[in-house]
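Structural overview for review
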Amino acid sequence: MTQEDKIYGLSKFWQEVNYNSVYLYKVDQLKWDELFKELTSKVQETSNDFEYYRLLQKFCATLKDGHTNVYFPKYIQEKVLNNNYGKYRFIINNIGGKAIITHINESKKEEIPIGSEIIEVNGIPTRDYLNENVLPYISASTSYTLEDWGIKKLLEGYLGTTYDLKLLQPNGDEKTLNITIAKSEDREMFPVIEKKELFEFKWYPNNTAYISLNSFSDWEIAEMFRKKNKELQQAESLILDLRNNGGGNTIIGKVILHYLTEDTVFFGSKSQTRQHVATFKARGNDTYFYDLPYSPDTLGPGDKRLLKNKRIIVPTAILIGHGTASAAEDFLIYADKQKHMTKIGEPSYGSTGKPLSFNLPQGGLARVCTKKDTYPDGREFVGVGIQPDIFVQKTLNDYLEDRDPVLEKALDFLISQEKH
């Protein structure tokens with residue numbers, strides 16, 4: 001990458017943020033501009049393209065928005081790996097603020113038992129290592145999402161990067177481990193990682209139907225749901241699992257919700273975007289917002305997206321978590337006033353919007369969030385998450401025993417509803 005490329009890419013990102021970021025008002029703009037000036041020198045001093053893009057990602061992360069990101073070009077991204085360390089392959093998750101190994105390749109499960117905590121990286125306590133080397137590079141709107149992603153990406157890096165680790169095993173013994181980032185050919189994991197299908201359906205006792213909606217990015221999921229309509233008429237209660245739904249098309253979620261309520265009018269999020277008026281800027285006022293047109297959405301029997309299936313109005317538990325994002329959060333806003341629906345789990349991802357995407361040098365990509373969404377009454381959920389009605393968090397023991405406490409709580413809750 002040439003020096004001109006490096007300056008251009010940095011300047012392009014800074015410019016697009018200044019002009020289009022709907023959350024720029026949350027940033028100290030004097031510090032933002034000072035940081036830009038510092039980076040004009042620093043990017044030219046980077047020794048390779050990977051280092052350059054890491055600096056852009058760090059610059060981007062200061063905006064603290066999950067829908068504003070800088071992405072590596074393909075030739076870099078394909079050499080940046082996570083969870084792959086040659087003969088070792090493991091997954092780290094945030095459990096109580098600790099970096100816990102929750103899955104390990106089958107061949108190493110005796111050597112590194114699941115539940116082991118990474119307590120040092122390269123001789124540095126894990127918390128200090130995270131704060132210095134990982135968290136500053138991650139764009140996130142909520143502190144808990146930042147923590148989750150930071151721990152997941154604790155040992156992510158370029159091919160050949162080495163780490164010296166100190167582990168605290170479940171039995172209290174400490175263990176040292178040296179690993180190098182390299183593609184692992186060992187695919188068998190312990191515990192087994194089940195592939196998430198787009199749509200999952202099963203029955204639980206007491207005629208409780210369980211449906212996992214794992215994405216709203218494909219209209220096929222609405223058709224899959226519709227085909228289960230006749231069978232769902234037998235349900236006395238329902239569980240909707242949105243914990244792995246990262247979003248997609250808001251309308252898909254709304255169509256599915258139609259079958260689960262008696263309503264024909266749906267109140268979704270209200271939205272704003274930046275408004276640029278040169279004269280206002282000349283007067284010293286440069287932050288104005290335009291309220292995007294808002295009216296309740298309607299879906300009735302005549303809507304072509306729907307067929308005349310019966311609705312399923314039964315006590316419903318909606319499982320949510322930090323992975324419930326974007327269009328899945330829009331679904332929760334539409335469902336906000338449904339008295340027969342109860343949200344169980346952890347707060348949602350806390351980020352949505354309409355990003356503007358643009359190219360960066362050598363095939364890189366960036367996006368900037370241009371739309372601010374709130375509840376219809378103005379309540380904010382970006383930056384705070386949609387809160388569960390019943391909070392349930394997975395513990396280390398739940399991982400060790402392969403339990404799903406959120407699902408278990410939902411089943412218990414629905415039984416208690418029947419008694420009332």
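Residues numbered from 1 in each chain as written. Predicted model: local features only at pLDDT ≥ 70, side-chain atom pairs only at ≥ 80, totals over all residues. Heavy atoms only, no water.

Attention now moves to unusual backbone geometry. Phe190 connects to Pro191 through a cis peptide bond whose omega is -15°. Looking at the secondary structure, you find Pro191 in the loop between strand S11 (189-190) and strand S12 (199-204). Even without glycine at this site, Ser326 takes up a positive phi of about 55°. With respect to the secondary-structure elements, Ser326 resides in the loop between strand S19 (316-320) and helix H11 (327-334). The residue Asp402 is not glycine, and still its phi comes out positive at about 55°. (Helix = DSSP H or I, 4+ residues; strand = E, 2+ residues; numbered from the N terminus.)

Let us now look at the nonpolar core. Core analysis: the largest hydrophobic core is formed by 40 residues, its most contacted members being Ile211, Leu213, Phe216 and Phe225. Among the elements that line this core, the one with the most residues is H11, at six residues. Ignoring sequence-local partners within four residues, the contact set of Phe216 consists of Ile221, Leu242, Asn245, Gly247, Gly248, Asn249, Ile252, Gly253, Ile256, Ala327, Ala328 and Phe331. Ranked by size, the runner-up nonpolar core spans 26 residues in total, among them Ile101, Ile118, Tyr163 and Ile181. (Core = buried A, V, L, I, M, F, W, Y, C linked by side-chain atoms within 4.5 Å. Buried < 20%, exposed > 50% of the residue type's maximum accessible area, 1.4 Å probe, protein only. Contact = heavy atoms within 4.5 Å.)

What follows covers empty space enclosed by the protein. Summed over the entire model, instances satisfying the criterion amount to one cavity of 30 Å³ or more. Roughly 50 Å³ of internal volume is contained in the largest cavity. (1 Å grid on protein atoms, 1.4 Å probe; cavity = no way out; pocket = protein on both sides within 12 Å on 5 of 7 lines; lining within 4 Å. Points joined across faces, edges and corners; volume = space filled by probe spheres on them.)

Turning our eyes to something else, we now look at the packing of helix H1 (residues 3-20) against helix H2 (residues 29-45). Close contact between H1 and H2 brings their axes to 9 Å; oriented N to C, the two are set at 165°. With respect to each other, H1 and H2 are oriented roughly antiparallel. Crossing of H1 against H2: the hand is right-handed. Listed contacts from H2 to Gln3, Lys6, Ile7, Leu10, Ser11, Phe13, Trp14, Val17 and Asn18 of H1 are Trp32, Asp33, Phe36, Leu39, Thr40, Val43 and Gln44. Here the contact of H1 with H2 is built from residues that sort into nine nonpolar, five polar and two charged. (Axes fitted to C-alpha atoms, helices over the stretch in contact; angles between N-to-C directions. Parallel < 35°, antiparallel > 145°, perpendicular 65-115°, else oblique. Left-handed = near helix turned anticlockwise from the far one by under 90°. Nonpolar A, V, L, I, M, F, W, Y, C, P; charged D, E, K, R; others polar.)

What follows covers the packing of helix H9 (residues 250-258) against H11. Contact geometry for H9 and H11: axes closest at 8 Å, N-to-C directions at 40°. At the point where H9 passes H11, the crossing takes the right-handed sense. On the side of H9, the interface is formed by Thr250, Gly253, Lys254 and Leu257, while H11 contributes Ala327, Asp330, Phe331 and Tyr334. The residue makeup of the contact of H9 with H11, split by class, is four nonpolar, two polar and two charged.

Taken by themselves, the reported measurements are silent on function.
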